[in-house]
Amino acid sequence: MLTEKEVRTVLRGVIDPEIGMNIVDLGLVYGVEISDNRLHVDLTMTTPACPMGEMILDDVHEALAALAPTDVEIDINLVWDPPWSPDKMSEHARKHLGWS
């Protein structure tokens, strides 16, 4: 059985190429739900006009597919509410970007 910690760890390998920081520390991963046969992730982008959005979604799916057993359905839900803001970033991301 997968854990949320494992999912978030693997998603730390997904980098927003425009910012150069992983999507977990950027605060783009809003939620992870795991059941016996389903892995559901809610995530957002820094802006609805993000030109790298499709690439990031593909990278998320690839990372999760490498982690999850083959019989687990992967469901990625792109959400816009609540809107992303810099306060969702980890302290590590803030320091990396010079915002703290």
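For the structure itself, consult the block above.
Caption draft 1: Local environment of unusual backbone geometry. Note that the residue after Asp 81, namely Pro 82, is joined by a cis bond; omega there is 5°. Topologically, Pro 82 is positioned in the loop between strand S5 (73–78) and helix H3 (91–96).

Caption draft 2: Structural context of the pattern of salt bridges. Evaluated as defined, the whole model comprises four salt bridges. Residue Glu 91 is joined to Arg 94 by a salt bridge in which the shortest nitrogen-to-oxygen separation is 3.9 Å. In this pair, Glu 91 and Arg 94 are both assigned in helix H3, three residues apart and thus about one turn of the helix distant. We classify Glu 91 as partly exposed; its relative accessible area is 40%.

Caption draft 3: Spotlight on the sheet that holds S5. Read from one edge of the open sheet, three strands run S3-S4-S5, paired in mixed fashion. At either end of the open sheet lies a strand with only one pairing partner, and these are strand S3 (29–34) and S5. Each strand axis lies, on average, 15° off the axis of its neighbour in the sheet, ignoring direction. Looking at chain direction, strand S4 (residues 38–43) and S5 are connected through six bridges and run parallel. Its bridge partner being in S5, Leu 43 is matched across the sheet by Leu 78. With respect to the sheet, helix H1 (residues 4–11) is in contact with S3 and S4, its orientation differing from that of S3 by roughly 135°. Packing against the sheet, helix H2 (residues 53–67) makes contact with S4 and S5, and its axis sits at approximately 155° to S5.

Caption draft 4: Seen up close, the packing of H1 against H2. Running from N to C, H1 and H2 cross one another at 135°; their axes reach a closest spacing of 9 Å. The orientation of H1 with respect to H2, classified from their angle, is oblique. Judged by the twist between their axes, the crossing of H1 over H2 is right-handed. Listed contacts from H2 to Glu 6, Val 7, Val 10 and Leu 11 of H1 are Val 60, Ala 63, Leu 64 and Leu 67. Residue classes in the contact of H1 with H2 are distributed as seven nonpolar, no polar and one charged.

Conventions adopted
Residues numbered from 1 in each chain as written. Predicted model: local features only at pLDDT ≥ 70, side-chain atom pairs only at ≥ 80, totals over all residues. Heavy atoms only, no water. Helix = DSSP H or I, 4+ residues; strand = E, 2+ residues; numbered from the N terminus. Salt bridge = Lys/Arg side-chain N within 4 Å of Asp/Glu carboxyl O. Buried < 20%, exposed > 50% of the residue type's maximum accessible area, 1.4 Å probe, protein only. Pairing = 2+ DSSP bridges. Axes fitted to C-alpha atoms, helices over the stretch in contact; angles between N-to-C directions. Contact = heavy atoms within 4.5 Å. Parallel < 35°, antiparallel > 145°, perpendicular 65-115°, else oblique. Left-handed = near helix turned anticlockwise from the far one by under 90°. Nonpolar A, V, L, I, M, F, W, Y, C, P; charged D, E, K, R; others polar.

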